[in-house]
Amino acid sequence: IIFGAIGGTKDPRKGFKLLKLALKYLKNLSSCDDTNLIIFGGGDKNIYSQIDFKIHHFDSINDDKTLQELYSAADVAIVPSIKEVLGQIGIEALACGTPVVAFKDTGLSDIVVHKKTGYLAEALNAKDLANGIDWVLENSFKNALDVESRKRAEFFFSEKVVMKKYHAIYNNLLSSN
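The structure contained in this document is the topic of the report that follows. (Residues numbered from 1 in each chain as written. Predicted model: local features only at pLDDT ≥ 70, side-chain atom pairs only at ≥ 80, totals over all residues. Heavy atoms only, no water.)

A positive phi is found at Asp105, a non-glycine position, where the angle reads about 65°. One can find Asp105 in the loop between β5 (100–103) and β6 (118–121). Although it is not a glycine, Lys115 adopts a positive phi angle of roughly 60°. Position of Lys115 among the secondary structure elements: in the loop between β5 and β6. (Helix = DSSP H or I, 4+ residues; strand = E, 2+ residues; numbered from the N terminus.)

Structure below.
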């Protein structure tokens, strides 16, 4: 499981408290004895003693290769943000073929397709967040989730696609003058 956000364990908008609660529920849902949690982006490490998973902590990651390796090593990325406009973490995870679990009613709803590229839990519902994590980890079609995640990232967020969208906006603005 991977979670990342700048100051993510401290910033209440990033939903780390809900993730902590979801991880407690997750322990009761499935056998997660060999599950590890990757956390990056800094924050308060003292809080880790309250989590019953092996934790691999990384402060700020400044190179794309390391970030790609971490996302690719994970089976699921969790973006439990309470407020999120787009969700760069979600896009980065999908680009690495890693399904995303997040809450509905945030910008992640524009990125994640429920039960196709991850799981969209009911807003602010830690139990449903745990259900989503469990669903991804236990899904017998895990490879299909990985493939669909990568395809979605390429289709909507690749450099070429975004460049074309910006180009169209600029052309539209220039032609309206």
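Structurally, the position occupied by Lys65 is in helix α2 (residues 64–73). Here Lys65 falls in the exposed class, since its relative accessible area comes to 55%. Considering only alpha carbons, one finds Lys65 and Ala123, 58 residues apart in sequence, at a separation of 32 Å. (Buried < 20%, exposed > 50% of the residue type's maximum accessible area, 1.4 Å probe, protein only.)

Moving on, we get to helix α5 (residues 142–157). Here α5 contains 16 residues, and its C-alpha end-to-end distance of 22 Å stays within 8% of the 22 Å for a straight helix at 1.5 Å per residue. Those residues of α5 that fall on the buried side of the exposure criterion are Lys142, Leu145, Ser149, Arg152 and Ala153. The buried side chains of α5 occupy one side of the element, clustering within an arc of 100° when seen end-on. Across from the buried face of α5, at angles greater than 90 degrees, the exposed residues are Asn143 and Phe155. (Expected span 1.5 Å × (residues − 1). Arc of directions from axis to C-beta.)

Turning our eyes to something else, we now look at the environment of Gly43. Tracing the backbone shows Gly43 in the loop between β2 (36–40) and β3 (54–58). Gly43 gets classed as partly exposed once you look at its relative accessible area, which sits at 33%. In this structure the C-alpha to C-alpha distance between Gly43 and Leu124, which are 81 residues apart in sequence, comes to 21 Å.

In the contact formed by helix α3 (residues 88–95) and α5, the axes pass within 7 Å of each other and the chain directions differ by 120°. It follows from the interaxial angle that α3 and α5 lie oblique. Contacts between α3 and α5 involve Ile91, Leu94 and Ala95 from the first element and Ser149, Arg150, Ala153 and Phe157 from the second. Residues belonging to the contact of α3 with α5 are distributed by class as follows: 5 nonpolar, 1 polar and 1 charged. (Axes fitted to C-alpha atoms, helices over the stretch in contact; angles between N-to-C directions. Parallel < 35°, antiparallel > 145°, perpendicular 65-115°, else oblique. Contact = heavy atoms within 4.5 Å. Nonpolar A, V, L, I, M, F, W, Y, C, P; charged D, E, K, R; others polar.)

Once that is clear, we can look at the side chain of Thr35. Here Thr35 lies in the loop between α1 (16–29) and β2. Overall, the relative accessible area of 14% leaves Thr35 in the buried class. Aside from chain neighbours lying at most four places away, what touches Thr35 is Ile1, Phe53 and Lys54.

Aromatic ring pairs: the centre-centre distance and the angle between the two ring planes describe each pair. Applying the stated rule across the entire model yields 6 aromatic pairs. With centroids separated by 4.9 Å and ring planes inclined at 80°, the aromatic side chains of Phe155 and Phe156 adopt a geometry described as edge-to-face. The exposure class of Phe156 is partly exposed, given its relative accessible area of 30%. Ring-pair connections join several aromatic residues into one group, and the members of that group are Phe155, Phe156 and Phe157. Between the NZ or CZ atom of Lys27 and the centre of the ring of Phe53, over which it lies, the distance is 4.5 Å. (Phe/Tyr/Trp six-rings, centres within 6.5 Å; stacked < 30°, edge-to-face > 60°. Lys NZ or Arg CZ within 6 Å of the ring centre and 35° of its normal.)

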